[in-house]
Amino acid sequence: MTPLDQLKRAIRGAAAYNPDVQAAPACILWPDRERLWEPVITQIQADLPELLVLGDYAPEKRSGPAIWLRCAIAGTLEDTTFDAETPPILYLPGVGRQDLRAVSECPEALKPLAELQYRGVIWTQVNAKDWTPLAFLSSQQGGLGLDISRDSATRQALLAALPRLLKEAITDLQSRHLNADAFNTLLTGGDPVRDLLDWLNQPEAMKDGMSSHEWRAFCQVCHSRFGIHPDRDSALEAAEKLTQRQGNWKTVWLRFTEAPHRYPQLIEQLRRLPPPDLGLFPDPEEIAVWPQLNQQEEERLYYALCELDNKPAHQARERLEALESEHCMRRDWVWADLGESPLAMALAPLAVLAKVTQRSLAGGQAEDMRKSYASEGWRADDAVLRALAEVTGQRQQEAIFTAIRSVYYHWSDEAARHLQQVWKPGVDGLKRGEASSHARLGECVLFVDGLRLDCGKRLAQRLARRGLEIQEHTTWSALPSVTGTGKYAVAPILGSEAINDEPEGYQFTPITHHLFKKLLRDHGWQVLERRQVEQLHKETLDTSKPAWCEFGDIDHAGHDRGWKLAQHLDDMLAEVAERIQALLAQGWPQVRVVTDHGWLLLPGELSKTELPASLVDTKWGRCAALKQGAHTEVARFPWYWNEQVHFALAESIDCFKAGETYTHGGLSLQECVTPELVVTGTAGLKSTVVIDDLVWKGLRCTLALEGDSDGLTLDLRRHAADSASSLVLSAKPFKVGGKSSVVVEDDDLEGKTAQAVILDSAGQVIAQRTTTIGGDN
């Protein structure tokens, strides 16, 4: 119910009569000497088709002089007829009730209407005065009874805001004291904080886009609420108040931090302001306001990371952990959301890298190393990729490359050397037919080229968030760790006599691709082409037979992009997850995800091992096929498909080619310990995270999760399942480390109960916790 609804009811109610003793009124006269209703009369006419206006002749607007109104009432006009139950309403701007009562003194233009005061009724207050907007809204007798101030500023603001006021919900108006500030706020859109930020961002455009009434109302709201006047104060002066965050300006700052990308010019205003002297031990909250000081911290961190180049690995790890303690809070600053703290963002995975690499994997036998790597060691590789994903420019690249190499190179090198020393050909590694024996009839096998173990872990987390069940296993890849050898080792083609004992060409492959597909079909497997896999939503496939399919370009992207693979990996894994879900939706009871090999990735390139071209038939980054009779000190290992055929393998994590950042083919944990995932179920709601901590600081709620938080967002709602009940400007994604924060802008909500909800990428609630806004939870 709105004031306009009540206004219509009140005016029409004036025609009520007792049919036993009275005749129906011919019309309802609505006098308005001061013309206070005139600016909204067209708006009211839209809801009152029987409303006619005294004025210039404009029948299309239901307006005309007195004689036209008389004709309309009499029904002599073709386009003007009225329901017998709904008498016409005549709005009389500039005419008061007294003007009509003195018939002898009535102006000639009004005389045709004078006698209608006897045949009709006049809509007036109980004291016989004209209804003004203020009287109608505030009167307890016949009006709405709202609590409205009576000062001159409020009267003016009410009239200016009247078009919008008529459309407001009465229940919202009844719960407030309405003064000039309230009406000015309504006139400017009802969100003074947003309007102020828009003005700070584009002062001239904001003014040009407002009417004079709206601009005047906006200035008055700014003056009363924030202590600035846009007509007298500059945006730069207002920006300085923003940095101080005192009083209502604290809410403005919090709103700015919720969506800083909306205000690029405001950010430039802040850069123009000189930061204050914050002393020797400044409050981090004070530093957080200033982009210049954040940039200084980034510069300090840049030099600190570059200095790690001269430190031994154990000291570099200690230094990374100390830097993380110093800079971790900057990831919660607004400048991180704006991409201005890439090094602070990279520190989170770099600290994980430092922690994981404290434990060497160079110990025990090969199988012991595999178990250690599958348990925790893979997290180091994952941390390297996450740190590289934060690189945004040459300086960040230099610092992050240096930090990674300072702790990761020695750790990887040491593990690879030890693995190669303890490796027992014929005992360790993948046995002939071992991987392909896992395949089961009735399943779909999805081959993903280059799905390293840490990538498999990320993929499993994505699938779990979709509500799927995943069984994870690790195995050794076939040697050498290249696609030509490893892909066919995990395929269901056991016992085929078509497999060659000599590798085909430079790929170390025992079979041609054409023959491979024929063998699969001969073994009862259908082969899905890539086109079919990409368009599963358009295909209906035969799920009564097992299927082999291939999808994913991780290895190809690694060779093409080098370290920049890290910045595209999540998108590629998301596509793989979608294909797996689509395959299950087709009807296969399970999808088995297999791969051929992992890979080494070291920013700044891997070291080169010399192997003269005259000694080799084929040379890859990490392995080579030697010419018959060639003599070299390089280690040799038997080929998976024929132990009598050997290949040369580069030492440690070195390469036979210079300038390699991404490569594979050798013997290391990263290249040779590969994942296998068995995925079942149908996608649905499933929580894979636990809310670890929830803290209020003022009206900012910060929540920490245990578990994988990639792709999740935080919202605060009155009702957990109702997105329309959100109490914040927008849900916020979780950052690296599993933290997110949102701000409640309405101070009146402090102390109220709310639900902190965790949403997945589809917007479904996967976890929630009840909290008290502004409380200690």
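See above for the structure.
Report on the accompanying structure. (Residues numbered from 1 in each chain as written. Predicted model: local features only at pLDDT ≥ 70, side-chain atom pairs only at ≥ 80, totals over all residues. Heavy atoms only, no water.)

1. Details of the packing of aromatic side chains
To describe a pair of aromatic rings, you give the distance between the ring centres and the angle between the ring planes.
Step number 1: Going through the model one piece at a time under the given rule, you end up with 22 aromatic pairs.
Step number 2: With a centroid separation of 5.9 Å and 20° between ring planes, the pair formed by Phe 447 and Trp 548 is classed as stacked. With a gap of 101 residues between them, Phe 447 in strand β6 (residues 444–447) and Trp 548 in strand β9 (residues 547–550) connect regions that are remote in the sequence.
Step number 3: Grouping aromatic residues by their ring pairs yields a cluster made of Trp 30, Trp 37, Tyr 91, Trp 123, Trp 131 and Phe 136.
Step number 4: The side chain of Arg 245 reaches across the aromatic face of Trp 253, ending 6.0 Å from its centre. (Phe/Tyr/Trp six-rings, centres within 6.5 Å; stacked < 30°, edge-to-face > 60°. Helix = DSSP H or I, 4+ residues; strand = E, 2+ residues; numbered from the N terminus. Lys NZ or Arg CZ within 6 Å of the ring centre and 35° of its normal.)

2. Observations concerning the nonpolar core
Step number 1: Judged by nonpolar contacts, the single largest core of 122 residues is most densely connected at Leu 305, Leu 459 and Ile 580.
Step number 2: Tallying contributions element by element places helix α23 (residues 394–422) first for this core, with 12 residues.
Step number 3: With sequence-adjacent residues up to four places away left out, Leu 459 is seen in contact with Leu 451, Leu 573, Val 576, Ala 577, Ile 580, Val 593 and Leu 677.
Step number 4: In terms of nonpolar packing, the next biggest core, distinct from the first, is built from 40 residues, Leu 7, Tyr 91, Leu 134 and Leu 146 among them. (Core = buried A, V, L, I, M, F, W, Y, C linked by side-chain atoms within 4.5 Å. Buried < 20%, exposed > 50% of the residue type's maximum accessible area, 1.4 Å probe, protein only. Contact = heavy atoms within 4.5 Å.)

3. Some details on the sheet that holds strand β22 (residues 739–743)
Strands belonging to one sheet form pairs held by backbone hydrogen bonds; the direction of such a pair is parallel or antiparallel.
Step number 1: The sheet built from 3 strands is open, its strands ordered β18-β19-β22 with antiparallel pairing. Across the chains shown, the open sheet's two edge strands, defined by having one partner strand only, are β18 (690–697) and β22. With direction set aside, neighbouring strand axes in the sheet form an average angle of 20°.
Step number 2: Across 7 bridges, the pairing between β18 and strand β19 (residues 700–706) is antiparallel. (Pairing = 2+ DSSP bridges. Axes fitted to C-alpha atoms, helices over the stretch in contact; angles between N-to-C directions.)

4. Here we look at the state of the cysteines
Step number 1: Following the criterion strictly, the structure yields 0 disulfides and no others.
Step number 2: Summary of cysteine pairing: Cys 455 is not part of a disulfide, and the nearest cysteine sulfur, belonging to Cys 672, is at 15 Å. (Disulfide = S-S within 2.5 Å.)

5. Describing the sheet that holds strand β1 (residues 28–32)
Step number 1: Ordered in space as β3-β2-β4-β1-β5, the 5 strands form an open sheet in which the pairing is parallel. Each end of this open sheet is capped by a strand with a single partner; those strands are β3 (63–64) and β5 (121–122).
Step number 2: Examined bridge by bridge, β1 and β5 share 2 bridges and lie parallel to one another. By the bridge assignment, Leu 29 is partnered in β5 with Ile 122.
Step number 3: Helix-sheet contacts for helix α3 (residues 66–74) involve β2 (51–54), β3 and β4 (89–93), and the interaxial angle to β2 is about 160°.

On their own, these measurements won't tell you what the molecule is for.
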